[in-house]
Amino acid sequence: MKNIFIVNPVAGGRDVSDELGRTLSIAAQKAGVPREDYVITRTTHAGHARELAESYARTGEHVRLFAVGGDGTLNEVLSGAYPYKNAAVGCIPYGSGNDFLRNFGAKEEFLDLADQLQGQEMDIDLFHTEYGVGASICSAGLDAQIAYGIPKFRRLPLCGGETAYRLSILQNLMGPLGRTLRITLDDRTITEECLMTAICNGGYYGGGFRAAPDCAMDDGLLDVMVVRKTGLLRIAKVLPLYQKGRHIQNGKVIPKLKDVISFFRCKSVKLELADSKKAPIIITVDGECRPAEKITVTSMPLAGRIVLPRKIFARQQKRASR
C-alpha cells in the first residue's frame, strides 16, 4: 500500500514540503512504514491536486491519498479519488480553513503523522452538485458572500485570515441582505426570503461555524438549515447561537429561533432564485465560491472513503457501538 502526500504549497500561506518531509521520516520509522511506501508530491496549479489524486487512484493499486493543505485541497483530492474503491483520502491540516476534520477530532490529532500512517479507513457520504462533489457543506447567501469576499481582503498588507474574514463580514452586513429562493426538498417545495441556506453533509464550515450539530456523515441524508431574512439586530443575536451549534437541540430548532430558522432532512435539495433581481447568488461547495442562479445538491451515500488517524478511528468505533 502506498501513502501519497499531496502538498498544496500555497495553503496556509507557506510551503510545508520540507517540514513535512522531516516530520514524516520520523513518523514513518515510528509507525513501521518503509521509505518506499510513502511519497511527497506538490501541486503546481489549481486543479492539480485532483489530477494527481486521480492519476494515483486509477492505477488500481491500494493507495492512501493525504491532502496536505486546507479544505479546498481536500475537496480536490476527494473529487479525484472518490470513483475509485482502491483509494482512500486523508487530511493533513496545513490550510487556513480545516472544517472537515472538526467532524471527527482536533487539528492536533490529524497532525500526528505516525497515527495517520497507522490510520483506518471508513466510508462516508458525499454530495453531488453541478460544480463537483463535496464532503462538508454547500451554502448560498450571506455565509457564501462572506467567503467570496475574503480573498480581496487577504491581499491587503498585514491582513491575515481572521482579519480578512471579519472585514468581509462587515462589508456584507452593510450591503443588501436576503434573496428569495425556491427550495425543493425531495418532493416538497417552499419559497422563502433567505438570509442564507446551508445544505450539510458535515457539521462545520466557515472556520468553525457548527451549522448542523446533529449531522451524520453516513446516513444518506442532508441536513438543511434555512435562515430567513431578518434585521441586523436580530442577526447579531442569531449568529452566535448558529456559530456554536446551539440553534438545534434534540433534533429541532430551539423555540426562540423558529421564526428565523427552519430545519429539514432530505436526500436532494434544489435552490433556485425566485425574485426579479438580475444578480446571481453566491454559492459555495466546501468553501469554493462562485456566482450561480441555481444549484442541485444530491446525497451520495457512502461514496467516499477516508482515512482517520488511529486514535480517532478507535473513538469513532467506540461511539458507534454504544
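Residues numbered from 1 in each chain as written. Predicted model: local features only at pLDDT ≥ 70, side-chain atom pairs only at ≥ 80, totals over all residues. Heavy atoms only, no water.

**Student:** When you look at the overall build of the chain in this model, what are you seeing that I'm missing?
**Tutor:** Check the secondary structure of the chain and you find 9 helices and 19 strands. Expressed along its principal axes, the backbone C-alpha trace of the chain runs to roughly 60 × 50 × 30 Å. Looking at the chain as a whole, 52% of its 322 residues are labelled buried. Of the contacts made within the chain by residues no fewer than 6 positions apart, 72% connect residues no fewer than 24 positions apart. With 43 positive and 35 negative side-chain charges, the chain shows a spacing of 6 Å between the two charge centroids. (Helix = DSSP H or I, 4+ residues; strand = E, 2+ residues; numbered from the N terminus. Buried < 20%, exposed > 50% of the residue type's maximum accessible area, 1.4 Å probe, protein only. Contact = heavy atoms within 4.5 Å. Lys, Arg positive; Asp, Glu negative; His and termini not counted. Charge placed at Lys NZ, Arg CZ, Asp CG, Glu CD.)

**Student:** Would you mind showing me how to read the nonpolar core here?
**Tutor:** As a rule of thumb, nonpolar side chains are buried together in soluble globular proteins. Judged by nonpolar contacts, the single largest core of 32 residues is most densely connected at Leu 65, Val 77, Phe 100, Phe 104, Ile 124, Ile 306 and Leu 308. Mapped by element, the contributors of at least two residues to this core are β1 (2–7), α2 (48–57), β3 (63–69), α3 (71–81), β4 (87–93), β5 (120–129), β19 (294–308) and α9 (310–320). Dropping the residues within four chain positions of it, Phe 100 is found in contact with Asp 71, Leu 74, Ile 124, Ala 135, Ser 136, Met 217 and Ile 306. If you look at the next biggest cluster of nonpolar residues, it comprises 26 residues, including Leu 177, Ala 212, Val 238 and Ile 261. (Core = buried A, V, L, I, M, F, W, Y, C linked by side-chain atoms within 4.5 Å.)

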